[in-house]
Amino acid sequence: MTVAAASSSTDRGLAVHFQSISRLYGATRALDELELAIEPGELVALLGPSGCGKTTALRILAGLDTATSGTVLVGGRDITRVPANKRDMGMVFQAYSLFPHLTVADNVAFGLRLRGSSSTARRARAREMLELVGLGQQGSRYANELSGGQQQRVALARALAVEPTVLLLDEPLSALDAKVRVQLRDEIRRIQLEVGTTTLFVTHDQEEALAVADRVGVMNAGRLEQIAPPAELYERPASPFVAEFVGLHNKVSAVVSSGVATVLGASVPAIQGSITSGSGVAMVRPESVSVAPSETGAASVVSVGFLGPISRVHVVTDAGDTLMAQLPSSLAVGLAPQDRVEVTIAPTPVLVVAG
Amino acid sequence: MSGAARLGRGAALALFALYFALPLLSMLDFSTRAKGDAVGRTGQAWANLFQDEDLRAAIITSLLLALFTAVAMVVLLVPTMIWVRLRVPKASRLIEFLCLLPLTIPALVIVVGIANVYSWVTYLLGDSGLTLTFAYVVLVLPYAYRSIDTALSAVDVGTLAEAARSLGAGWVRVIVSVILPNIAQGVLGAAFVSVALVLGEYVFASLLHFDTLPVEIALLGKSDAKTAVAASLASLIFASVLLIGLSFLHRHRRSPS
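Conventions and cut-offs
- Residues numbered from 1 in each chain as written.
- Chains lettered and ligands numbered in written order.
- Predicted model: local features only at pLDDT ≥ 70, side-chain atom pairs only at ≥ 80, totals over all residues.
- Helix = DSSP H or I, 4+ residues; strand = E, 2+ residues; numbered from the N terminus.
- Buried ≥ 20, exposed ≤ 12 C-beta atoms within 10 Å, placed from the backbone.
- Contact = placed C-beta atoms within 7 Å.
- Domains from an automatic or database assignment.
- Nonpolar A, V, L, I, M, F, W, Y, C, P; charged D, E, K, R; others polar.
- Pairing = 2+ DSSP bridges.
- Axes fitted to C-alpha atoms, helices over the stretch in contact; angles between N-to-C directions.
- Parallel < 35°, antiparallel > 145°, perpendicular 65-115°, else oblique.
- Left-handed = near helix turned anticlockwise from the far one by under 90°.
- Right-handed = clockwise from strand over helix to strand, strands pointing away.

A.B. asks: What's the story with the overall build of chain A in this structure? I'm lost.
C.D. replies: When you go through chain A residue by residue, the secondary structure sums to 10 helices and 20 strands. Counting only C-alpha atoms, chain A reaches 80 × 45 × 35 Å along its principal axes. Counting every position in chain A, which comprises 355 residues, the buried fraction comes to 45%. Sequence-distant contacts, at least 24 apart, represent 67% of the contacts inside chain A between residues at least 6 apart.

Laid out in structure tokens, this is it:
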């Protein structure tokens, strides 16, 4: 039996729980006792470098891969041994996965046909789903007549048409070009909020994860390093790995005493997880660093990179620290390599780790 | 393209056309020539194709063999190849090796080996020429394998299967409703090539003493050359129509995105 009945009756989706899931490939541990709880209706993004286990976790939830040990619960029900085709989940793949021999509408209706719904009901549902993803007029076309972005929209409509218990998005935007990626990313979030399906979104792009998710889980070597709302993850990384993965970081020598770090002469609060005293390395965000031209400054400009609204300025201090500052481009105008500058650190909390 | 190049290409094409057409036209001429030194045309040799009991039986045997071989090949090979690709990709090398093996062993050698087996086959299943199906399925494996393998490589079988499974399709459904329609051209191609091969196969049938069309043609050639030539030409035309139909199908399939 499937769990479809439960999902259609609620708008808020089902809770998902990975209980100490491990997955071994030979001697390699793709997942190492993964613990992850997703609230009903929540969109959780799993973020991490390739090989961190994020896709394996998603595939285990989909039933396309099998956990070596551990339990997966959906809506409180153990589905660890349920085959993929009995799980009632909707999945969007990184590779284009529309069935080439079917029209767009037939693709969307595919899961409904398997569930035995009438052809009128299927057609109505397919149209409704295509409207939802903004392709109401494209039902009679074939996949090879659509752009990459349109194909992924149809894949999303197809996954949602069956009213899945959980929506699984496996790097759905990776094959698209930058502009379409941002547009579709926002649209996925809008649609997910509209239908309220519990969603697991796997990506290696930190901007994407931070933009769409209720909570972002950063994975490393088969484990969840930290899971938190985007802002918290960004402001209070729990480990150097998270700090480095979520945003570019400057590593600057610092001294900590009683919760306050001294970095480049400035006093900055040290966040939880930092060393409590002694000298270490502070992880300072580029946007917390500012530079201003000054003949008496203790640093000099190495290079200036113009990125449109912002600029990135690389400087080296006389003490030998290399720093990157991210400024509005208007403040970087006139800076040139060799210029002497003054470096100041904004008093936003930083993570200080043992150097 | 310059005029000279176009002319050269045209000349080459004409030469090839002549090379292929001349024997066929000669066959047509010879098979319709009147008996002895008499002048004029006769359709007697062609009529014999339908009137000669043995020849008709041989034609039916060969056509049935072609049909059974193509069906057995599809039933055996297609699910196996899809399954190997989806579930046991490690075995794909082995399957490829096994399927291409018949190509590397001369037909004569296979027949000598297979003759012993066939004394059992005829003992168990009777001496109908249709038992040749077993040998022919092996014979067509290399060609059928290539055709199906190419079709399978052209689609992302793994992702399509996973998408279908996540939507609720069981394995049978995945193979029948999702993968098969997308490799249909390749399967059809494999079937056509099998038919063409079976219709022209002589060595197996002759040495195992089965009366198929090529065997009967060879036999007739010794007594009634005109009918033999008419039969050869008919089977050549049939095979050509199949192969031309095949290339037509290939040209008209939807281009992948």
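A.B. asks: How should I be thinking about the domain arrangement of chain B in this particular structure?
C.D. replies: All names here are of chain B. Under the domain assignment, chain B is made up of domain 1 (1-31) and domain 2 (45-252). A straight line from the C-alpha centre of domain 1 to that of domain 2 covers 31 Å. In this complex, domain 1 contributes five residues to the contact, which on the side of domain 2 involves seven residues. The class makeup of the residues in the side of domain 1 that touches domain 2 is four nonpolar, one polar and no charged.

A.B. asks: I keep staring at the sheet that holds strand S9 (residues 215-220) of chain A and nothing clicks. Help me out?
C.D. replies: What holds strands together in a sheet is hydrogen bonding between their backbones, with the strands either parallel or antiparallel. Residues and elements named next belong to chain A. Strand order in the open sheet formed by six strands is S6-S7-S8-S3-S9-S10, and the pairing between neighbours is mixed. In the strand order of this sheet, the two ends are held by strand S6 (89-92) and strand S10 (223-228), each with one partner. Here the strands of the sheet are splayed against their neighbours by 20 degrees on average, with no regard to which way each runs. Sheet topology places S6 next to strand S7 (residues 166-170); four bridges connect them, and they run parallel. Opposite Met 89, over in S7, you have Val 166 as the bridge partner. The strands touched by helix H2 (residues 54-62) within the sheet are strand S3 (43-47), S6, S7, strand S8 (198-203) and S9, with S7 carrying the most contacts at an inclination of about 145 degrees.

A.B. asks: Just to check I follow, could you spell out the packing of helix H4 (residues 119-132) of chain A against helix H5 (residues 148-161) of chain A for this structure?
C.D. replies: Residue and element names in this part refer to chain A. For the pair H4 and H5, the least separation of the axes is 9 Å and the interaxial angle reads 130 degrees. Our classification of the angle between H4 and H5 gives oblique. Once H4 is placed against H5, the crossing between them reads as right-handed. Together, Arg 125, Ala 126, Met 129, Leu 130 and Leu 132 of H4 and Ala 157, Leu 160 and Ala 161 of H5 make up the contact between the two elements. Taken together, the residues that form the contact of H4 with H5 break down as seven nonpolar, no polar and one charged.

A.B. asks: Can you walk me through the environment of Leu 168 of chain A in this structure?
C.D. replies: Residue and element names in this part refer to chain A. Position of Leu 168 among the secondary structure elements: in strand S7. Between the alpha carbons of Leu 168 and Val 291 there is a distance of 44 Å; along the sequence they are 123 residues apart. Residues contacting Leu 168, with those up to four places away along its chain left out, are Leu 58, Leu 61, Ala 62, Met 89, Gly 90, Met 91 and Leu 200.

A.B. asks: Would you explain the packing of helix H4 (residues 92-104) of chain B against helix H6 (residues 133-154) of chain B in this entry?
C.D. replies: The relative placement of two packed helices is expressed as an angle between their axes plus a distance between the axes. Residues and elements named next belong to chain B. Running from amino to carboxyl end, H4 crosses H6 at an angle of 120 degrees, the nearest separation of the two axes being 7 Å. In terms of orientation, H4 and H6 fall into the oblique class. For the element pair H4 and H6, the recorded crossing hand is left-handed. Listed contacts from H6 to Glu 96, Cys 99, Leu 100, Pro 102 and Leu 103 of H4 are Val 138, Leu 139, Leu 141, Pro 142 and Tyr 145. In terms of residue class, the contact of H4 with H6 is built from nine nonpolar, no polar and one charged.

A.B. asks: What am I meant to see in the pairing of S7 of chain A here?
C.D. replies: Side chains on a regular strand alternate between the two faces of the sheet. All names here are of chain A. Burial analysis of S7 places five of its five residues in the buried class, which makes it a mostly covered element. For S7 and S8, the ladder comprises five bridges, and the chain directions are parallel. Along S8, the bridge assignment pairs Val 166 with Thr 198. At this point the chain moves from S7, through helix H6 (residues 178-195), to the parallel S8, and the crossover so formed is right-handed.

A.B. asks: Would you mind showing me how to read the pairing of strand S14 (residues 278-284) of chain A here?
C.D. replies: All names here are of chain A. Burial runs high along S14: five of the seven residues are buried. Sheet topology note: the strand S11 (residues 250-257)/S14 ladder contains seven bridges and is antiparallel. Paired with Val 255 across the strands is Ser 279, a residue of S14. Summarising the sheet, S14 and strand S20 (residues 351-354) pair through four bridges and their orientation is antiparallel. Looking at the pairing, Ala 282 lines up with Val 352 of S20.

A.B. asks: What should I look at first to understand the interface of chain A and chain B in this one?
C.D. replies: As a measure of interface size, the accessible area lost when the parts come together is often cited. Of the residues lining the interface, 19 residues belong to chain A; the matching set on chain B comes to 19 residues. Contributions of two or more residues to the side of chain A that touches chain B are made by S6 and helix H3 (104-114) of chain A. Broken down by element, the residue count for the side of chain A that touches chain B peaks at three residues, all from H3 of chain A. Among the residues forming the side of chain A that touches chain B, the class breakdown is 13 nonpolar, five polar and one charged.

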